[in-house]
Amino acid sequence: MRAVLVVNPQATATSAGGRDVLAHALASEVKLDVVETDYRGHAMAVARAAADEGVDVVVAHGGDGTVNEVVNGLLSRTDGRPGGYASVPTLGVVPGGSANVFSRALGLPRDPVEATHRLLHALERRRGRQVGLGRAGGRWFTFNAGMGWDADVVAAVERRRGKRTGPVLYLRTAVTSYLRPPHGHPALTVRVPGEQPIEARTAFVSNTDPWSYLGTRPVHLNTGCSFDSGLGLFALTGLGLPTVLRHTCQALRARGEHRGRRLVRDDDVPIIGITAESPVNLQVDGDLMGPRTHVEFVGVPRALTVAL
């Protein structure tokens, strides 16, 4: 079995010693090449080359951004077709970031050493899970995407790359972006098949639940969404302070039940179209894609196999 280990040495929870242990453990089971990334998009290029060369497994060791790049590289030749998992390498994940939303949603251990043991057992037994993914304007995402407020938060955090990211930074940035949004709060027209278009002020699209994590606390927006279903839509038609506070509190509750007259939610839809009256930021898996006026979000079932 041939494998490529893609390592982001800048990821929050990685260390030189831990990377060496991971590489040594994998090399005992597979024919391994190790690549450390040194620029944005490097992991995507490595994964694309691995897929073209017929490598069996590509392992991403880093945060959600690294995983997203590897996924986009692996699936770059499939054109978004369902069942693409049959023609691309299996994905392995060893978490090394601060949130690790995708791996936690899959039930993988947060500790890299434990996750490595889990991966080795999965590879030895040829065990994997087929997962559905989402596409936003042609970019694959594994757990969430959004236009508006959440993407403004991502943009502001990216400008603070010199600071250590964490729950406090994200909370402070979310408040600042709410009070002083860089693009204002332009109207978004949200379209779902079989339903009337709605006008919203911010829209979140989920591929699983939880939508994200605030430290150790899961953030629930669409509790009926999973890797085996369609996409989840969570949109607010107004951003008044009572509305925002109500849904923030509901999102942090264990059951994640949302109620409110400003809420539009659907847990299992195949496609979502969002159009903005003026450019607003788009984020996928916590990475900023920049301003957009129209994005089509598509759920793709059985897009990839993950070693579990």
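That block above? That's the structure.
**Q** So what's going on with the overall build of the protein chain? Which residues, and what values?
**A** Scanning the protein chain from terminus to terminus reveals eight helices and 16 strands. At 19 Å, the protein chain has a C-alpha radius of gyration in line with the 19 Å of a compact globule built from 308 residues. Across the 308 residues that make up the protein chain, the buried fraction comes to 54%. Of all intrachain contacts in the protein chain linking residues separated by at least 6 positions in sequence, the fraction that spans at least 24 positions is 74%. Taken as a whole, the protein chain presents about 13600 Å² of accessible surface, with 50% of it coming from carbon and sulfur.

**Q** Talk me through helix α1 (residues 16-27); I want residue IDs and the actual numbers.
**A** Taking 1.5 Å per residue as the helical rise, α1 with its 12 residues ought to reach 16 Å, and the 16 Å between its terminal C-alpha atoms agrees with that figure. Burial in α1 covers these residues: R19, L22, A23, A25 and L26. Angular distribution of buried residues about the axis of α1 spans 165 degrees; they occupy a single face of the element. Opposite its buried face, α1 presents the exposed residues D20, V21 and H24, each directed more than 90 degrees away. In this structure, the buried residues of α1 make contact with β1 (2-7), β2 (31-36), β3 (57-62), β4 (90-95) and α5 (112-124).

**Q** Can you break down the packing of aromatic side chains residue by residue, with the values?
**A** Inspection of every chain in the model, using the stated rule, returns four aromatic pairs. A ring pair is formed by F102 and F227, whose centres lie 5.5 Å apart and whose planes are at 80 degrees; its orientation type is edge-to-face. Taken together, the positions of F102 in helix α4 (residues 101-105) and F227 in the loop between β12 (217-219) and β13 (231-236) put the pair 125 residues apart, joining distant regions of the chain. Relative to Y178, the ring of W149 has its centre 5.5 Å away and its plane inclined at 45 degrees; by these criteria the two rings are tilted.

**Q** Any details on helix α6 (residues 149-158)? Residues and values, ideally.
**A** For α6, a buried count of 10 out of 10 residues is recorded, marking the element as mostly surrounded by other parts of the structure. Burial in α6 covers these residues: W149, D150, A151, D152, V153, V154, A155, A156, V157 and E158.

**Q** Before we move on, could you go through the pattern of salt bridges and cite the residues and values that matter?
**A** In the structure shown here, the tally under the stated rule is nine salt bridges. Close ionic contact of R129 with D228 constitutes a salt bridge, the shortest N to O distance being 3.2 Å. A residue pair is termed long-range when its members are at least 10 positions apart, and R129 in strand β5 (residues 128-136) and D228 in the loop between β12 and β13 qualify at 99 residues. A residue is classified by how much of its surface remains accessible, and R129, at 26% relative accessible area, is partly exposed. Among the salt bridges present, the one from R255 reaches E257, with a minimum N-O distance of 2.8 Å.

**Q** I'd like a description of the pairing of β2, backed by residues and values.
**A** Taken together, the six bridges between β1 and β2 define a ladder with parallel strand orientation. Looking across to β2, one finds that L5 is bridged to V34. Regarding the hand of the β-α-β motif, the stretch spanning β1, α1 and β2 is right-handed.

**Q** How would you sum up the environment of T90? Please name residues and give values.
**A** Relative to the assigned elements, T90 resides in strand β4. The exposure class of T90 is partly exposed, given its relative accessible area of 21%. Along the backbone, T90 and R126 are 36 residues apart, and their C-alpha atoms lie at a distance of 9.9 Å. Those residues in contact with T90, other than ones at most four positions away along the chain, are D56, V57, V58, T305, V306 and A307.

**Q** Can you lay out empty space enclosed by the protein for me, pointing to particular residues and giving the numbers?
**A** By the definition in use, this model includes one cavity of 30 Å³ or more. Empty space within the largest cavity amounts to approximately 50 Å³. Lining the largest cavity we find G148, W149, D152, H183, G184, H185, P186, L188, R201 and V280. Among the residues making up the lining of the largest cavity, the classes are represented as four nonpolar, four polar and two charged.

**Q** Can you tell me about the nonpolar core, naming the residues and giving the values?
**A** V70, L91, F102 and L304 are the most contacted members of the largest nonpolar core, which totals 32 residues. For this core, the secondary-structure elements that each account for two or more residues are β1, α2 (42-52), β3, α3 (64-74), β4, α4, β5 and β16 (287-307). Discounting residues that sit within four places of it in the chain, L304 has contacts with V71, L74, L75, Y85, V88, P89, L91, R129, Q130, V131 and L133. If you look at the next biggest cluster of nonpolar residues, it comprises 22 residues, including V190, V205, A276 and V295.

**Q** Pulling in residues and values, what's your account of the side chain of T142?
**A** If you trace the backbone, T142 turns up in the loop between β6 (139-141) and β7 (144-147). Judged by its relative accessible area of 1%, T142 is buried.

**Q** Before we move on, could you go through the side chain of N207 and cite the residues and values that matter?
**A** In this structure, N207 sits in the loop between β10 (202-206) and β11 (212-214). Within the structure, N207 has its side chain in polar contact with the backbone oxygen of G132 (distance 2.9 Å). At 2.8 Å, the side chain of N207 and the backbone oxygen of T142 are in polar contact. In contact with N207, other than residues within four places in its own chain, are G132, L133, G134, F141, T142, F143, C225, S226, F227 and L231.

Cut-offs applied
- Residues numbered from 1 in each chain as written.
- Predicted model: local features only at pLDDT ≥ 70, side-chain atom pairs only at ≥ 80, totals over all residues.
- Heavy atoms only, no water.
- Helix = DSSP H or I, 4+ residues; strand = E, 2+ residues; numbered from the N terminus.
- Rg over C-alpha atoms; globule rule 2.2 N^0.38 Å.
- Buried < 20%, exposed > 50% of the residue type's maximum accessible area, 1.4 Å probe, protein only.
- Contact = heavy atoms within 4.5 Å.
- Areas by Shrake-Rupley, 256 points an atom, 1.4 Å probe, with all protein chains shown as cover.
- Expected span 1.5 Å × (residues − 1).
- Arc of directions from axis to C-beta.
- Phe/Tyr/Trp six-rings, centres within 6.5 Å; stacked < 30°, edge-to-face > 60°.
- Salt bridge = Lys/Arg side-chain N within 4 Å of Asp/Glu carboxyl O.
- Pairing = 2+ DSSP bridges.
- Right-handed = clockwise from strand over helix to strand, strands pointing away.
- 1 Å grid on protein atoms, 1.4 Å probe; cavity = no way out; pocket = protein on both sides within 12 Å on 5 of 7 lines; lining within 4 Å.
- Points joined across faces, edges and corners; volume = space filled by probe spheres on them.
- Nonpolar A, V, L, I, M, F, W, Y, C, P; charged D, E, K, R; others polar.
- Core = buried A, V, L, I, M, F, W, Y, C linked by side-chain atoms within 4.5 Å.
- Polar contact = N/O pair within 3.5 Å; in protein donor to acceptor, adjacent residues only side chain to side chain.

Shape is all these values report; function is a separate question.
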